[in-house]
Amino acid sequence: MQFTVTDVPERERFEARDEAGALAGLVTYQLTGAIIAYTHTEVEAAFEGQGVGSTLARAVMDDARAKGRTVVPICPFLSGWLGKHPEYDNVVARSTRKVK
């Protein structure tokens, strides 16, 4: 299944939707200048196990890179995902500790 990820700045979140437009998951954030903190990842129960979380993670990281932002991964899911994707190390703030 394909998911489309879009930034919804008025709600401070990225949303993943399926082909029918149903909300599959989201990542919330707080933006301060060039620093973006991803605070929470949520996948709707009907879409669990279909790669929504990973699709969201890749989309938000690619967006941050394209906009020259530094990422602070507060969300435990995103922190774990980034641990498996070192190609994003150059956009992650490494002076912060992982939140468990």
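Throughout this document, residue positions are counted from 1 along each chain, in the order its sequence is written. In keeping with the model being predicted, local features are shown solely for residues with a pLDDT of at least 70 and side-chain atom pairs are shown and tallied solely at 80 or more, while totals for entire chains, interfaces and linings include all residues. To obtain the side-chain values, all non-hydrogen atoms of the structure were used and water was disregarded.

A.B. asks: What's the story with the pairing of strand 3 (residues 23-32) in this structure? I'm lost.
C.D. replies: Note on strand geometry: in a regular strand, side chains alternate between the two faces of the sheet. In this description, strands pair whenever DSSP reports at least two bridges between them. Comment: elements are numbered from the N terminus, with helices defined as DSSP H or I runs of at least four residues and strands as E runs of at least two. With five bridges joining them, strand 2 (residues 13-17) and strand 3 adopt antiparallel strand pairing. From the neighbouring strand, Phe14 faces strand 3, where its bridge partner is Val27. A loop of five residues connects strand 2 with strand 3, the two strands running antiparallel in sequence, and Gly21 in this loop sits at a positive phi of about 95°. Where strand 3 meets strand 4 (residues 35-43), eight bridges bridge the pair, whose relative direction is antiparallel. Residue Thr28 lies in a different strand from strand 4, and its bridge partner there is His40.

A.B. asks: Explain the environment of Ser54 here, please?
C.D. replies: Note on placement: Ser54 falls in helix 1 (residues 52-66). Along the backbone, Ser54 and Trp81 are 27 residues apart, and their C-alpha atoms lie at a distance of 7.5 Å. When checking whether two residues touch, look at their non-hydrogen atoms; a contact exists if any pair is within 4.5 Å. Dropping the residues within four chain positions of it, Ser54 is found in contact with Phe77 and Trp81.

A.B. asks: Honestly, the nonpolar core in this entry has me stumped. Any pointers?
C.D. replies: Buried together is how nonpolar side chains tend to be arranged in soluble globular proteins. Grouping buried Ala, Val, Leu, Ile, Met, Phe, Trp, Tyr and Cys residues that are joined through side-chain atoms within 4.5 Å yields what is termed a nonpolar core. Burial classes: relative accessible area under 20% of the type maximum marks a residue as buried, over 50% as exposed, and values in between as partly exposed (1.4 Å probe, protein chains only). Ranked by size, the top nonpolar core spans 23 residues in total, and within it Tyr38, Val52, Met61, Leu78, Trp81 and Leu82 carry the most contacts. Of all the secondary-structure elements, those providing two or more residues to this core are strand 2, strand 3, strand 4, helix 1 and helix 2 (76-83). For this core, the leading source of residues is helix 1, giving six residues. Not counting the four nearest positions on each side in its chain, Leu78 is found in contact with Tyr38, Ala57, Met61 and Pro73.

A.B. asks: Looking at this structure, how should I read the pairing of strand 4?
C.D. replies: Turn length for the strand 3-strand 4 hairpin, with the two strands adjacent in sequence and antiparallel, is two residues, and the turn residue Gly33 shows positive phi of about 60°. Of the strand pairs in this sheet, strand 4 and strand 5 (residues 70-73) are connected by four bridges, and their pairing is parallel. Considered in strand 5, the bridge of Ala37 is made with Val72. By definition, the crossover connecting two strands over a helix is right-handed if that path, from the first strand to the second, turns clockwise as seen with the strands pointing away from the viewer. Crossover strand 4 to strand 5 through helix 1 is right-handed.

A.B. asks: When you look at the sheet that holds strand 3 in this model, what are you seeing that I'm missing?
C.D. replies: The strands that make up a sheet are held in pairs by hydrogen bonds between backbone atoms, and each pair lies either parallel or antiparallel. If you trace the five strands from one edge of the open sheet to the other, you get 1-2-3-4-5, paired in mixed fashion. One side of each edge strand has no neighbouring strand; the edge strands of this open sheet are strand 1 (4-8) and strand 5. Geometrically, the sheet is characterised by an average inter-axis angle of 25° between neighbouring strands, direction not taken into account. Against the sheet, helix 1 contacts strand 1, strand 2, strand 3, strand 4 and strand 5, and its axis sits at roughly 165° relative to strand 4. Only C-alpha atoms enter the line fits that serve as axes; for helices the fit covers just the stretch in contact. Angles between N-to-C directions range over 0 to 180 degrees.

A.B. asks: What should I look at first to understand unusual backbone geometry in this one?
C.D. replies: Glycine aside, residues mostly have negative phi, and peptide bonds are mostly found in the trans state. Phi is positive for Glu12, close to 50°, though the residue is something other than glycine. Within the secondary structure, Glu12 sits in the loop between strand 1 and strand 2. Looking at Glu12, the relative accessible area reads 40%, which means it is partly exposed.

The values reported here are purely geometric and, on their own, carry no functional implication.
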